[in-house]
Amino acid sequence: MTSEQQAQKIRVGVLFGGRSGEHEVSLMSAQSVISALDPQRYEIIPIGISKDGRWLTGEVMAALASGAHGAHPATLLPDPQSAALLQLDLQDRQPSALSVVTQLDVILPILHGTYGEDGTVQGLLELADIPYAGAGVVGSAVGMDKAIFKFVMQANGLPTLPWVLVTSSDWMDQPEAVIQEIESELRYPMFSKPANLGSSVGINKCHNRGQLLAGIAEAARFDRRIVVEQGINARELEVAVLGNENPQASIVGEVRPRRDFYDYVAKYLAEPGSEDESELHIPAEISEALATEVRHLAIRAYKAIDCAGLGRVDLLLDKDTEALYINELNTIPGFTRISMYPKLWEASGLPYAELLDRLIMLAMERHEQKRGQSTDYDITGIVENARGS
């Protein structure tokens, strides 16, 4: 390949790992993404974040997965004048110099959970003025926070299950009062969840008071805010949404867990053919009218939080009443080849590699749109008019 061809490649930073309970999930997603990106079109730059928050470049995947050597400290500066990945040279474990690794054209944040899917990294990329795939600061933060997300759904007239918000301080100070309040509002079974986490980390299905006490205590390990939600006899439906201003929804899929619910083990650790493996039905066995309603609700939820790029909307269908409820919206859903989001689009006619192409294009389109907006406000005329009056 000539140097000119190399220069024409889009330089894609794949950002993964992170300070999150979903660190390992992020590594699995990133491995799939890196292997699927077309090396003829893209120069792929892996950027890893360790569990303690250190940014790394070089042989990142091996370093994060097994502790192998070959990765180097790196950083991005919140400076819109330079979209460069920088390597830090250390002396006595302190930064002594910066050197440019490469310029970046776009970043794919394959970060799940805290400090990646919650708007924090998106804020850094906004300051650095680097195009990135997925929702912006607001959409990411709202999608990540299960309580705020439910408030926004309710404000937009979208159906949610009954729920109660618990703070860890209230739980520590008056656990009996907290339990009594929950039991007055909800019935068993219930689900206890950290407000800001995904991949079913810290989530428990609680059939009685003892399990609820344990479930809240576990959720409080991960977040200071805990959501307790009404459990129902439900089918779990999922829709993949793609786009910016005019998003499109995929066909509807259904997850049928063999475990008590679709937990972390069922999602990521179950061996094929094992009793823990969930059944994925694509498309879901529902009527076309219901599928249309599910897609409609998914797009409404997506727009309500100002999502962009991609999102997977999870809904619950009550088997007893056939009522639909919005459960959550994942702004950076799992992205392995067997994850629900890419599988739904593949079944809708958009293969995995082409889906990544589309996400990169959407990221660059959205960035270009933002660059066309003014960040200056000329007050000269206002001052002169004020003086004239």
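Up top is the structure.
Residues numbered from 1 in each chain as written. Predicted model: local features only at pLDDT ≥ 70, side-chain atom pairs only at ≥ 80, totals over all residues. Heavy atoms only, no water.

Draft legend 1. Just a nonpolar patch on the surface, in detail. Where nonpolar side chains cluster on the molecular surface, the patch consists of Ile 148, Phe 151 and Leu 165 and spans about 230 Å² of accessible area. Inspection of the secondary structure puts Leu 165 in strand E8 (residues 163–167). Residue Leu 165 is classed as partly exposed on the basis of its relative accessible area, which comes to 32%. (Patch = residues over 30% accessible without salt bridge, like charges linked within 9 Å, V, L, I, M, F, W, Y side chains within 5 Å. Areas by Shrake-Rupley, 256 points an atom, 1.4 Å probe, with all protein chains shown as cover. Salt bridge = Lys/Arg side-chain N within 4 Å of Asp/Glu carboxyl O. Helix = DSSP H or I, 4+ residues; strand = E, 2+ residues; numbered from the N terminus. Buried < 20%, exposed > 50% of the residue type's maximum accessible area, 1.4 Å probe, protein only.)

Draft legend 2. Main features of unusual backbone geometry. Here the residue pair Tyr 188 and Pro 189 is connected by a cis peptide bond, since its omega of 0 degrees sits within 30 degrees of zero. Inspection of the secondary structure assignment puts Pro 189 in the loop between helix H8 (175–185) and strand E9 (190–194). Of note, the bond from Ile 282 into Pro 283 is cis; its omega dihedral lies within 30 degrees of zero at 0 degrees. Structurally, the position occupied by Pro 283 is in the loop between strand E14 (279–281) and helix H11 (288–304). If you check the backbone angles, Asp 306 has positive phi at about 60 degrees while not being a glycine. Relative to the assigned elements, Asp 306 resides in the loop between H11 and strand E15 (309–318). Even without a glycine there, the phi angle at Glu 322 is positive, about 65 degrees.

Draft legend 3. How the structure looks around the environment of Leu 316. As for its position among the elements, Leu 316 is in strand E15. Along the primary structure Leu 316 and Ala 234 are separated by 82 residues, whereas in three dimensions their C-alpha atoms are 5.8 Å apart. With residues near it in sequence (within four places) discarded, Leu 316 still touches Leu 161, Ile 232, Ala 234, Arg 235, Glu 236, Ala 323, Leu 324, Tyr 325 and Asn 327. (Contact = heavy atoms within 4.5 Å.)

Draft legend 4. Quick look at the nonpolar core. By size, the foremost hydrophobic cluster in this structure holds 34 residues, and its most contacted members are Phe 16, Val 33, Leu 37 and Phe 335. Of all the secondary structure elements, the ones that give two or more residues to this core are strand E1 (10–17), helix H2 (23–36), helix H3 (60–66), strand E7 (106–110), strand E12 (234–243), helix H12 (340–347) and helix H13 (352–371). For this core, the leading source of residues is H13, giving seven residues. When residues no more than four places from it in sequence are discounted, the contact partners of Phe 335 are Ser 29, Ser 32, Val 33, His 112, Leu 310, Tyr 341, Pro 342, Tyr 352, Leu 355, Leu 356 and Leu 359. Judged by nonpolar contacts, the second largest core, of 27 residues, contains Ile 286, Ile 305, Leu 315 and Ile 326. (Core = buried A, V, L, I, M, F, W, Y, C linked by side-chain atoms within 4.5 Å.)

Draft legend 5. Expanded view of helix H9 (residues 209–222). In a regular helix each residue adds 1.5 Å, so 14 residues correspond to 20 Å; H9 covers 21 Å between its end C-alpha atoms and thus fits that length. For H9, the complete set of buried residues consists of Leu 212, Gly 215, Ile 216 and Ala 219. The buried residues of H9 occupy an angular sector of 100 degrees when the element is viewed end-on, so they sit on one face. Contacts from the buried residues of H9 go to helix H7 (168–173), H8, E9, strand E10 (204–206) and strand E11 (225–230). Two or three places before Gly 210, at the opening of H9, Asn 208 has a side-chain oxygen 3.2 Å from that residue's backbone nitrogen. (Expected span 1.5 Å × (residues − 1). Arc of directions from axis to C-beta. Polar contact = N/O pair within 3.5 Å; in protein donor to acceptor, adjacent residues only side chain to side chain.)

Draft legend 6. A look at the pairing of E1. The buried fraction of E1 is high, at six of eight residues. The pairing of E1 with strand E2 (residues 42–49) spans eight bridges and is classified as parallel. Among the inter-strand pairings, Leu 15 is bridged to a residue of E2, identified as Ile 47. Crossover connection from E1 via H2 to parallel E2: handedness right-handed. (Pairing = 2+ DSSP bridges. Right-handed = clockwise from strand over helix to strand, strands pointing away.)

Draft legend 7. Geometry of helix H5 (residues 137–144). Within the sequence span of H5, burial applies to Gly 139, Ser 140, Val 142, Gly 143 and Met 144. Looking at the packing, one finds that the buried side of H5 touches helix H4 (120–128), helix H6 (146–155) and strand E16 (324–330).

Draft legend 8. Broad picture of the pattern of salt bridges. Here the structure, examined in full by the defined rule, presents 17 salt bridges. Among the salt bridges present, the one from Lys 370 reaches Glu 126, with a minimum N-O distance of 2.3 Å. Within this pair, whereas Lys 370 is found in helix H13, its partner Glu 126 is found in helix H4, the two being separated by 244 residues in sequence. Given a relative accessible area of 29%, Lys 370 falls into the partly exposed group. Arg 256 is paired through a salt bridge with Glu 254; the nearest N and O atoms lie 3.4 Å apart.

Draft legend 9. Summary view of the packing of aromatic side chains. Tallied over the entire structure, the rule returns three aromatic pairs. Ring geometry for Phe 151 versus Trp 163: centroids 5.1 Å apart, planes at 65 degrees, classification edge-to-face. Here Trp 163 lies in strand E8 and Phe 151 lies in helix H6, a separation of twelve residues in the sequence. Judged by its relative accessible area of 44%, Phe 151 is partly exposed. (Phe/Tyr/Trp six-rings, centres within 6.5 Å; stacked < 30°, edge-to-face > 60°.)

Draft legend 10. Structural context of the side chain of Gln 230. As for its position among the elements, Gln 230 is in strand E11. A residue is classified by how much of its surface remains accessible, and Gln 230, at 3% relative accessible area, is buried. Here Pro 189 takes part through its backbone oxygen, which lies 3.3 Å from a polar atom of the side chain of Gln 230. Ignoring sequence-local partners within four residues, the contact set of Gln 230 consists of Leu 161, Pro 162, Leu 186, Arg 187 and Pro 189.

Draft legend 11. Summary view of the packing of H5 against H6. Where H5 contacts H6, the two axes come as close as 5 Å, and the packing angle between them is 105 degrees. For the element pair H5 / H6, the angle class is roughly perpendicular. Together, Val 142, Gly 143 and Met 144 of H5 and Lys 146, Ile 148, Phe 149 and Val 152 of H6 make up the contact between the two elements. Considering only residue class, the contact of H5 with H6 consists of five nonpolar, one polar and one charged. (Axes fitted to C-alpha atoms, helices over the stretch in contact; angles between N-to-C directions. Parallel < 35°, antiparallel > 145°, perpendicular 65-115°, else oblique. Nonpolar A, V, L, I, M, F, W, Y, C, P; charged D, E, K, R; others polar.)

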